[in-house]
Amino acid sequence: MSGKQFILSFIFWFGLFNQGNIFAQEKIAVSGKISDAKTGDPVMYANIAFPELGIGTSSNENGEFTLRNVPPGTYNFTVTYIGYQEYTGSITLQKDVDLEIKLKQQSLGLKEVVVTAENNTGVTTSTKIGNEAINHVQATSLNEVMQLIPGNLVVNPNLKTPARISIREIGTDINSALGTAIVVDGIPFSNDGNMQQSIQEGFSSVAGTGIDLRQIAVDNIESITVDVGIPSAEQGNLTSGAVQIKTKTGGSPYRVKLQADPHTKQAYLGKGYLLSGNQGVINIDAGYTDSYGDLNRQTDRFKRVNTSAKYTNTFFRNSTPLNIEWKMDFTSSLDGKKWDPDMKAREEHFAKDKNLNTKISALWSVNKSLFKSLSFDLGVSKTWQEGYEKTLETTSTGANFFVTSLADGEFPVEYGPATYYSEVNYNGRPFDIYSKLKAKFYHQTGRLSNNVLLGTEWRTTGNNGEGRIFDPTHPPAGEGTRPRPFTDIPSLHQLSLFAEDKIDLKLGKTVLHIMAGIRMDNIQPKSFLKTNGTLAVDPRLNVSYTLINRNSSHTFRNITLRAGYGQTTKAPTLLHLYPDKHYSDYVNFNYYPDLAVVTTNVKEDTRNPELKASTSEKLEAGIDFRVNNVKARITGFYEKQEGGFILDHNFFLLMYRQYEQIAPGLHPYFVKGQGVYYTAPDTETPVAVSYEMNEKFYSYGIYRNAQSRRKRGIEYNIDFGRIEALHTSFVLNGAWLQTETHRTDAPYWNQQHYTTYNNNISTQESFVVKFPNKYGYGVVQERLNSNLSIITHIPEIRMLVTLTTQAIWYEKDWRKRYDDYQLYSLSDLRDYLGQPNLFQNEQEDEYYYYLPVSYRNYDDVEHPYLVADFQNTLAQQAIEKEKRYRFAARTLDPLFVFNIKISKEIAQRFKLSFFANNFLNIRPWELDKREGTYLRRNAEPYFGADIRMQF
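Residues numbered from 1 in each chain as written. Predicted model: local features only at pLDDT ≥ 70, side-chain atom pairs only at ≥ 80, totals over all residues. Heavy atoms only, no water.

Trainee: How should the overall build of the protein chain be read in this particular structure?
Mentor: Secondary structure assignment for the protein chain yields 7 helices and 54 strands. Over its C-alpha atoms the protein chain spans a radius of gyration of 32 Å, differing by no more than 12% from the 30 Å that the globule rule assigns to 951 residues. Dimensions of the protein chain, computed from C-alpha atoms along their principal axes, come out at roughly 115 × 65 × 60 Å. Going through the 951 residues of the protein chain one by one, you find that 53% of them count as buried. If you take every contact in the protein chain between residues at least 6 apart in sequence, the share linking residues at least 24 apart comes to 69%. With the model as given, the accessible surface of the protein chain reaches about 41800 Å², and the carbon-plus-sulfur share is 54%. (Helix = DSSP H or I, 4+ residues; strand = E, 2+ residues; numbered from the N terminus. Rg over C-alpha atoms; globule rule 2.2 N^0.38 Å. Buried < 20%, exposed > 50% of the residue type's maximum accessible area, 1.4 Å probe, protein only. Contact = heavy atoms within 4.5 Å. Areas by Shrake-Rupley, 256 points an atom, 1.4 Å probe, with all protein chains shown as cover.)

Here is the structure:
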């Protein structure tokens, strides 16, 4: 679909559903009172929502609410409030109704407590994780909560290194992590402006690779919804999935948590303040986390301080409710390594981030004939990033050189000490501005209902930090490095439009649900429909067909078939779009201590003008069913991600003068534009030092859209229900996953070195060769795993015990050959090249051979390789060799691990929790038959505990 067609469709839908009074319908008022199920006290500011209609309100000081102008029909509705179980119901409206809703406080004393991830009942494939489940995990960050998603594995808490998100895949991948949207209270959490790249890799950085999950504390989270399938058209700037986080809102007592495990200590305090006179509610919370990577040395440390304040209120409750939410978050983190007194070198490094987010959201339930609601979100984020590296720089060849030139040419440089400390500061100031306006429309005619969403988004990402700063006379890593400011980097802008229709059609006793949407993303817009970057139009479709939906008197209560298809787009980050200049320095004269001369080449622009957004295409099908008390969801999926960002290299020739060595004691000097001279001792006249012009290949990094990733799998989640006599329920989930990754459309250049001899003098020479692809193969990983949770919940003593058996039934990986990239066996290579004695010392089953397709010598002209060229030993040297045994599948034996979590409430004010991962210490050594080495499988046993109090 072209951009014009999209706009015309957008205008048509908007015009059709904005005909406010054409289809007049009878209107109904829904009123009610919300109270505590135990005490009967009214619950103030509880949120009441009718998702299908896109309308909602909140209760007043008396727990009362009213929604007017609701059209007749059958709808689902939810009531949520902090500290209470979510109330869900279905209601058929034919006349005005008055509801009495009793909310139950979250407590282990309740009959039903959910501590696992639940399947959402909507059209999209998503999983919801509630507050009780989050608490039961005893997580230190969002990373551990994600283990509840089917297919993921249980992980020990680890704040030592950055944690990247993983959805429907084995392991983690930087492009998949980058393509996962994390949305907090309606505002995307972005890392696209991060430019903090360490030269020495001294501190950890997630620049250009997605969100570091360690930055997201979970104590103030009410619920998490993970969209693993085809997302709504409202969700953009993603390729993998979306994680939607809802933080706590509403009045509550003081909540205190103290948590500890061998590496990490945490503390949390939160409170919800109800303001009198229907003035709203304020939620304030603060958390502190301190973690050491190594308990023996305590030099690697991660520290996080997070605070937030949220104000919510509803105006015009009895007419057209207007919900207002304002929120401000502040997070400060330290990730680094301080000087180890046991080490001689006084090296240290750290990264400090201070992030301030503020947002305001408004939801106006207009609730007219067709026009139901209008909402607006505005979020502004600013981060103060400080990186620091102190490293000991040494050389074994004498003095160091300090190169400070910023332009092409030949320059004299100063000598420095052979050993010195380099100190580099990284000053980043990324910022994000996000705004979204959307409207919802609803119309019902007979058995058909339409719930239409129209909206637009704007995103701006930038970085106005001072950048990389250091003393040029004490540089890191010698030559080739310069300071770099971030202030000259342009901002990244994105304009988006989206439209979506949720259609419900009743066909007899069955119901067909269709969610069809389309989204346009203009990345770096030049005008409304013109772009300097990427103009993407992504269709999305989710369909579910409910064949059976009956009450509890039937054996088969529910059967729903689901299917979906969708496309998504992820913009490149500032790091991908605006890489640093590249400096190449070659020392072409060295006469210590008088003079050193360096030739510098500067690549002013290392950007890739062809770089575009990465894309993903998803296809899935599944079934939901319920037989008696057994509920299940099984989903098969296929995802194709293209254009993932990788760092490649471009080679170029550096021309320089290679000066001859001169005799000692001549005191050479440099004349700009002319070269090196010395004064002849006998004549006292200047003498030019002889030289010959030479050349050398150098390279610089360049980002390309070259990663291709395929994700296939079948995921399942089966709840077998509860055996009342045992107070125990059983939940089984897991997945068969296959992840295939390779590079595509990415010709790869590699440098080959060789030695020439002239008059017994050796000279190092080189040339570069091009391959159709870097590796000529892909990597496939495959795994079948399951997690069986046995949940024993005894309400009478307010105790909950979860025993989880994690089984990896098999795990294997192999290298995959592709027809596009020919890999030869030795006999096939000899036949193809007509050289029966080629590589005669190698065995038939030892290697696969990968031929380059062209080469460049010092003439810098690309020459195609002909078959006859491989008679030359240098061409033979350029042939890549890959060990054949690594293309065979490596299959690992089944592996089990047992984990336990225990929670106990005391008088409803105190809650003690304990966990132990791999408490049976199952850590077998397994022989890797392919590599001939032993692997230690499973992590070490790990444990922790927390205490929660409220008063």
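What follows picks up the thread again.
Trainee: What should I look at first to understand the UniProt feature "domain: TonB-dependent receptor plug" (unreviewed entry) in the protein chain in this one?
Mentor: In the UniProt entry, the feature "domain: TonB-dependent receptor plug" (unreviewed entry) is given for residues 125-243. Regarding residues 125-243, the helix share stands at 13% and the strand share at 18%, and the terminal C-alpha atoms are separated by 12 Å. (UniProt positions renumbered as here; feature names shortened; annotations may be inferred.)

Trainee: What exactly am I supposed to notice about the side chain of Asp173 here?
Mentor: On the secondary structure map, Asp173 appears in the loop between α3 (142-145) and α4 (174-178). Among the polar contacts listed, one links the side chain of Asp173 to the backbone nitrogen of Ser176, at a separation of 3.0 Å. Ignoring anything within four residues of it in the chain, the contact list for Asp173 reads Gln707 and Arg709. (Polar contact = N/O pair within 3.5 Å; in protein donor to acceptor, adjacent residues only side chain to side chain.)

Trainee: Any chance you could explain the domain arrangement of the protein chain here in plain terms?
Mentor: Here the protein chain is partitioned into domain 1 (3-105) and domain 2 (126-249 + 268-646). The gap between the C-alpha centroids of domain 1 and domain 2 is 32 Å. In this assembly, 44 residues from domain 1 lie in contact with 53 residues from domain 2. Between domain 1 and domain 2 lies a buried interface of about 3900 Å² when both sides are counted; carbon and sulfur atoms form 57% of it. In this assembly, domain 1 and domain 2 are joined by 1 salt bridge. A salt bridge links Lys128 to Glu86; the shortest N-O distance between them is 2.5 Å. The interface formed by domain 1 and domain 2 contains 15 residue pairs in polar contact (both at pLDDT 80 or more). For the side of domain 1 that touches domain 2, the secondary structure elements donating two or more residues are α1 (3-17), β3 (55-58), β4 (64-70) and β5 (73-80). Looking at the side of domain 1 that touches domain 2 element by element, the count peaks at 9 residues for α1. Each residue belonging to the side of domain 1 that touches domain 2 can be placed in one class, and the counts come to 21 nonpolar, 17 polar and 6 charged. (Domains from an automatic or database assignment. Buried area = accessible area lost by both parts, 1.4 Å probe. Salt bridge = Lys/Arg side-chain N within 4 Å of Asp/Glu carboxyl O. Nonpolar A, V, L, I, M, F, W, Y, C, P; charged D, E, K, R; others polar.)

Trainee: Got a minute to help me understand the side chain of Asp813 in this structure?
Mentor: Here Asp813 is to be found in strand β43 (residues 799-817). Side-chain polar atoms of Asp813 contact the side chain of Arg890, separated by 2.9 Å. One polar contact links Asp813 to Arg930, side chain to side chain, over a distance of 3.0 Å. Asp813 has contacts with Val780, Gln781, Ala888, Ala889, Arg890 and Arg930, leaving out every residue within four places of it along the chain.

Trainee: Which parts of the structure should I look at to understand the packing of aromatic side chains?
Mentor: The relation between two aromatic rings is expressed through the spacing of the ring centres and the mutual angle of the planes. Under the definition given, this model contains 31 aromatic pairs. Judged by centre distance (6.2 Å) and plane angle (5°), the ring pair of Phe589 and Tyr591 falls under stacked. Residue classification places Phe589 among the buried residues on the basis of a relative accessible area of 2%. Accessibility expressed as a relative area gives 9% for Tyr591, which makes it buried. Across the ring face of Tyr691, the terminal group of Arg657 is positioned such that the distance to the ring centre comes to 4.8 Å. (Phe/Tyr/Trp six-rings, centres within 6.5 Å; stacked < 30°, edge-to-face > 60°. Lys NZ or Arg CZ within 6 Å of the ring centre and 35° of its normal.)

Trainee: Got a minute to help me understand the pairing of strand β42 (residues 777-794) in this structure?
Mentor: Each regular strand shows side chains that alternate between the opposite faces of the sheet. Where strand β39 (residues 728-743) meets β42, 14 bridges bridge the pair, whose relative direction is antiparallel. In the strand pairing of β42, Trp736 is matched with Leu784. Where β42 meets β43, 18 bridges bridge the pair, whose relative direction is antiparallel. Within the sheet, the bridge partner assigned to Gly778 lies in β43 and is Lys816. A loop of 4 residues connects β42 with β43, the two strands running antiparallel in sequence, and Arg798 in this loop sits at a positive phi of about 55°. (Pairing = 2+ DSSP bridges.)

Trainee: Any chance you could explain the sheet that holds strand β44 (residues 823-824) here in plain terms?
Mentor: Two strands in a sheet stick together by hydrogen bonds in their backbones, pointing the same way (parallel) or opposite ways (antiparallel). The strand order across the open sheet built from 3 strands is β44-β45-β48, with neighbouring strands paired in antiparallel fashion. A strand with exactly one partner marks an edge of an open sheet, and here the two such strands are β44 and β48 (880-883).

Trainee: How should I be thinking about the sheet that holds strand β13 (residues 241-247) in this particular structure?
Mentor: Taken in spatial order, the 6 strands of this open sheet run β8-β9-β12-β13-β10-β11, and their pairing is mixed. Unpaired on one side and paired on the other, β8 (118-119) and β11 (187-188) mark the two borders of the sheet. Inspection of the sheet shows strand β9 (residues 126-130) paired to strand β12 (residues 221-227) by 5 bridges, in the antiparallel sense. Note on β12: the bridge partner recorded for Lys128 is Thr225.

Trainee: What is the right way to read the layout of surface pockets from this model?
Mentor: Regions of empty space are outlined by a rolling probe, equal in size to a water molecule, passed over the atoms. Within this model, the second largest pocket holds a volume of roughly 1100 Å³. In terms of lining, the second largest pocket is formed by 38 residues, of which the most central are Gln197, Ser198, Arg468, Leu647 and Tyr703. Sorting the residues of the lining of the second largest pocket by element identifies α5 (574-577), β31 (582-591), β34 (630-659) and β38 (691-723) as the ones contributing at least two each. Here the lining of the second largest pocket is built from residues that sort into 16 nonpolar, 15 polar and 7 charged. (1 Å grid on protein atoms, 1.4 Å probe; cavity = no way out; pocket = protein on both sides within 12 Å on 5 of 7 lines; lining within 4 Å. Points joined across faces, edges and corners; volume = space filled by probe spheres on them.)

Trainee: What should I look at first to understand a negative patch on the surface in this one?
Mentor: Side chains of Asp828, Asp831, Glu844 and Asp845 sit close together on the surface and give a patch of like negative charge. With respect to the helices, strands and loops of the structure, Asp831 is situated in helix α6 (residues 826-833). A relative accessible area of 62% means that Asp831 is categorised as exposed. (Patch = residues over 30% accessible without salt bridge, like charges linked within 9 Å, V, L, I, M, F, W, Y side chains within 5 Å. Lys, Arg positive; Asp, Glu negative; His and termini not counted. Charge placed at Lys NZ, Arg CZ, Asp CG, Glu CD.)

Trainee: What is the right way to read the confidence of the model for the protein chain from this model?
Mentor: The pLDDT averaged across the protein chain works out to 90; a share of 96% of its residues lies at or above 70. Low pLDDT, under 50, characterises residues 10-24; the predicted model gives this stretch 26 contacts beyond four residues in sequence or across chains. (pLDDT = per-residue confidence, 0-100.)

Trainee: Would you mind showing me how to read the environment of Arg884 here?
Mentor: Tracing the backbone through its elements, the reader meets Arg884 in the loop between β48 and β49 (890-892). With a relative accessible area of 23%, Arg884 lands in the partly exposed category. Residues Arg884 and Val184, spaced 700 residues apart in sequence, show a C-alpha to C-alpha distance of 48 Å. What Arg884 contacts, discounting residues up to four positions off in sequence, is Ser825, Glu844, Asp845, Glu846, Tyr847 and Tyr848.

Trainee: Would you explain the nonpolar core in this entry?
Mentor: The tendency in soluble globular proteins is for nonpolar side chains to be buried as a group. Ranked by internal contacts, the top residues of the largest apolar core, which has 28 residues, are Ile34 and Phe50. In terms of residue count, strand β7 (residues 97-103) provides more of this core than any other element does, 4 residues in total. Setting aside residues no more than four positions away along its own chain, Ile34 makes contact with Asp41, Pro42, Val43, Ala46, Ile48, Ser59, Gly63, Phe65, Val79, Ile101 and Leu103. The next biggest cluster of nonpolar side chains, apart from the first, holds 27 residues, and it includes Ala117, Ala133, Ile182 and Leu213. (Core = buried A, V, L, I, M, F, W, Y, C linked by side-chain atoms within 4.5 Å.)

Trainee: Looking at this structure, how should I read α6?
Mentor: Because an α-helix completes one turn every 3.6 residues, residues spaced three or four positions apart along the sequence face the same direction. Turning to α6, its buried residues are Leu826, Leu829, Arg830 and Leu833. Projected down its long axis, α6 carries its buried residues within an arc of 100°, all on one side. In this structure, the buried side of α6 is in contact with β44 and β45 (847-850). Backbone geometry just downstream of α6 places Gly834 in the positive-phi region, at approximately 70°. (Arc of directions from axis to C-beta.)

Trainee: Would you explain the pattern of salt bridges in this entry?
Mentor: Side-chain pairing between opposite charges can occur once the charged atoms of the two side chains come close. The full count for this structure, using the stated rule, is 53 salt bridges. Across the pair Asp580 and Arg468 runs a salt bridge whose closest N-O atoms are separated by 2.5 Å. Of this pair, Asp580 sits in the loop between α5 and β31 while Arg468 sits in strand β26 (residues 467-470), placing them 112 residues apart in sequence. The closest approach of N and O atoms between Arg890 and Asp813, which form a salt bridge, is 2.9 Å. Of the two residues, Arg890 is situated in strand β49 and Asp813 in strand β43; the sequence distance between them amounts to 77 residues. Owing to a relative accessible area of 15%, Asp813 belongs among the buried residues under this scheme.

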